[in-house]
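Each chain is listed here by its residues.
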Amino acid sequence: MDTTTTPPSPPKKTNRIGLELATYRGSKTTLCAGCGHNAISERIIDAFYEMGVDPRQVIKLSGIGCSSKSPAYFLGTSHGFNAVHGRMPSVATGALLANRKLIAVGVSGDGDTGAIGIGQFVHLMRRNLPLVYIIEDNGCYGLTKGQFSPTADVGSRLKNGVVNDLPPIDTCALAIELGATFVARSFSGDKKQLLAILKAALSHRGTAMIDVISPCVTFNDHEGSTKSYAYVKDHDEPLGEISFVPFFDDITVEYDPGTTTEVRMHDGSRLILKKLGDDYDPTDRMRARHVLHETARRGEFATGVLYVEPDKDDFLTQLNLVDAPLAELPESRTRPGRAVLDAVMESLR
Ligand SMILES: Cc1ncc(C[n+]2csc(CCOP(=O)(O)OP(=O)(O)O)c2C)c(N)n1
Ligand code: SF4
Ligand SMILES: [Mg+2]
């Protein structure tokens with residue numbers, strides 16, 4: 001008789017709602033190897049898993065761009081809507097008005113947000129819609145071959161020699177000015193900080209805006225750029241003729257609160273990150289503005305949760321919506337009926 005038995009396989013690791021990490025993954029990425037956007041998708045997967053969020057309650061929204069493709073690469077069993085370029089905020093508003101039980105995460109790009117979508121972004125920041133809004137900020141239009149975006153630095157240079165002489169929009173400063181209630185900045189390669197910020201954002205009731213500096217390895221190799229790293233191929237290559245994408249390792253950084261670190265990009269340019277200290281008070285709006293202003297003046301990026309206003313009513317509460325999702329209400333509760341309409345008409349006489 002065979003007395004050997006196969007030892008039982010160790011139990012699979014699960015989160016607080018009994019799901020494995022794999023449940024939070026999406027399709028295989030089609031973005032360039034080493035693109036900062038891929039690292040952000042990984043952190044989103046980790047954050048939702050570690051927070052034990054039910055993916056079936058989540059809606060992922062995006063606009064157009066390499067960044068906006070990335071919701072396909074996380075939370076494969078969630079709802080998703082890939083909107084028109086720059087118009088994700090209004091689609092998110094509609095979705096949340098229809099079903100307030102949804103947990104919404106939006107991914108946009110610096111072009112999607114800062115150029116064609118700036119009008120929608122401005123009003124989103126004023127409204128405090130309960131949405132985690134991530135800008136994957138590479139300072140260029142990656143999908144359309146690397147043109148300057150509104151967050152490109154002054155002095156950035158395209159391969160054809162064109163120099164950007166327009167000042168960048170600081171999306172964090174703008175969001176704070178407009179009344180946003182959660183504003184943060186991080187770097188795609190700072191795993192620990194980005195994960196912590198994403199988890200805090202998921203716990204915020206209102207719009208949580210996170211600008212994540214995210215290197216475009218393929219196009220943003222402008223000499224002097226502070227937001228990117230470039231591949232060094234042959235010189236003088238027109239953008240339209242670039243035909244291969246080299247492999248780059250992800251850049252990862254680790255540095256302590258209150259300190260500054262310099263990230264060396266592949267093209268030799270530098271990104272200087274200043275992590276807010278443990279004594280930083282994120283509820284002080286004037287201080288947040290000052291920090292952003294001062295670090296920008298020194299050519300640095302302040303990272304961390306810059307500003308939080310935890311107690312402001314979110315957009316759905318301001319609208320005094322019923323607790324039940326509108327999408328689930330029976331017709332008897334959504335159609336007022338003849339008597340009610342007559343009374344309304346009477347009141348307008
Ligand atoms: C209405 C409209 N205008 C222009 C375009 C072309 N277009 C596609 S993506 C893009 C910019 C994307 O840049 P960004 O949002 O920064 O995303 P990235 O690719 O850098 O991640 C533009 C201009 C479009 N798709 N639709
Ligand atoms: S072109 Fe740039 S932004 Fe787009 S996938 Fe490649 S590295 Fe990422
Ligand atoms: Mg971009």
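Throughout what follows, the structure given in this document is the object of discussion. Values in this document were obtained by computation on a predicted structure and should not be read as measured data.

Another aspect to go through is the overall build of the protein chain. Scanning the protein chain for helices and strands turns up 11 helices and 11 strands. With 349 residues in all, the protein chain has 49% of them scored as buried. Within the protein chain, residue pairs in contact and separated by at least 24 positions form 68% of the contacts whose partners lie at least 6 positions apart. Of the roughly 17,200 Å² that the protein chain leaves accessible, carbon and sulfur atoms contribute 54%.

To continue, consider the nonpolar core. Residues Met125, Leu131, Tyr133, Val183, Met209 and Leu306 are the most contacted members of the largest nonpolar core, which totals 32 residues. Listing elements by their share of this core, those giving two or more residues are β1 (58–62), α3 (88–98), α5 (118–127), β4 (131–137), α6 (171–178), α8 (285–297), β11 (301–308) and α9 (315–318). Leave out the neighbours within four places in its chain, and tyrosine 133 touches Met88, Pro89, Gly106, Ser108, Thr113, Phe121, Leu124, Met125, Thr207, Ala208, Met209 and Ile210. Core analysis: the second largest hydrophobic core is formed by 27 residues, Leu194, Ile197, Ala208 and Val212 among them.

So, about unusual backbone geometry. Although it is not a glycine, asparagine 128 adopts a positive phi angle of roughly 65 degrees. When you line up the elements, asparagine 128 lands in the loop between α5 and β4. Of the residues examined, asparagine 128 reaches a relative accessible area of 1% and is grouped as buried.

Bringing the site of ligand 1 into the picture now. The full set close to ligand 1 counts 17 residues, and Cys66, Ser67, Gly111, Asp112 and Gly142 are the nearest of them. Within the backbone of cysteine 66, an N or O atom sits 2.8 Å from an oxygen atom of ligand 1. Take leucine 143: an N or O atom from its main chain is 2.9 Å from an oxygen atom of ligand 1. About the coverage of ligand 1: the protein hides 75% of its 590 Å² of free accessible area. Breaking the shell around ligand 1 down by element, the ones donating at least two residues are α2 (66–69), α4 (110–114) and β5 (140–141).

On to the site of ligand 2. In the vicinity of ligand 2, the residues found are Leu31, Cys32, Cys35, His37, Cys66, Asn138, Gly142, Cys216, Val217, Thr218 and Phe219. Counted by class, the shell around ligand 2 contains 7 nonpolar, 4 polar and no charged residues.

A surface patch of nonpolar side chains, amounting to about 400 Å² of accessible area, comprises Val340, Val344, Met345 and Leu348. Counting through the fold element by element, valine 340 comes out in helix α11 (residues 338–347). By relative accessible area, which is 44% here, valine 340 ends up partly exposed.

Together, Glu254, Asp256, Asp278 and Asp279 give the surface a local cluster of negative charge. Relative to the assigned elements, aspartate 256 resides in the loop between β8 (207–213) and β9 (260–264). The class of aspartate 256 is exposed, set by a relative accessible area of 54%.

The buried fraction of β4 amounts to 7 of the 7 residues, a majority that puts the element mostly inside the structure. One ladder, built from 6 bridges, connects strand β3 (residues 103–109) with β4; its direction is parallel. Paired with valine 107 across the strands is isoleucine 134, a residue of β4. For β4 and β8, the ladder comprises 7 bridges, and the chain directions are parallel. Each residue of the ladder has a partner; that of isoleucine 134, found in β8, is isoleucine 210.

The tally for this structure, following the rule as stated, stands at 15 salt bridges. Among the salt bridges present, the one from arginine 43 reaches aspartate 46, with a minimum N-O distance of 3.2 Å. Of this pair, arginine 43 and aspartate 46 both sit in helix α1 (residues 36–51), 3 residues apart, which is roughly one turn of the helix. Given a relative accessible area of 9%, arginine 43 falls into the buried group.

What counts, and at which threshold
- Residues numbered from 1 in each chain as written.
- Chains lettered and ligands numbered in written order.
- Predicted model: local features only at pLDDT ≥ 70, side-chain atom pairs only at ≥ 80, totals over all residues.
- Heavy atoms only, no water.
- Helix = DSSP H or I, 4+ residues; strand = E, 2+ residues; numbered from the N terminus.
- Buried < 20%, exposed > 50% of the residue type's maximum accessible area, 1.4 Å probe, protein only.
- Contact = heavy atoms within 4.5 Å.
- Areas by Shrake-Rupley, 256 points an atom, 1.4 Å probe, with all protein chains shown as cover.
- Core = buried A, V, L, I, M, F, W, Y, C linked by side-chain atoms within 4.5 Å.
- Near = heavy atom within 4 Å.
- Polar contact = N/O pair within 3.5 Å; in protein donor to acceptor, adjacent residues only side chain to side chain.
- Nonpolar A, V, L, I, M, F, W, Y, C, P; charged D, E, K, R; others polar.
- Patch = residues over 30% accessible without salt bridge, like charges linked within 9 Å, V, L, I, M, F, W, Y side chains within 5 Å.
- Salt bridge = Lys/Arg side-chain N within 4 Å of Asp/Glu carboxyl O.
- Lys, Arg positive; Asp, Glu negative; His and termini not counted.
- Charge placed at Lys NZ, Arg CZ, Asp CG, Glu CD.
- Pairing = 2+ DSSP bridges.

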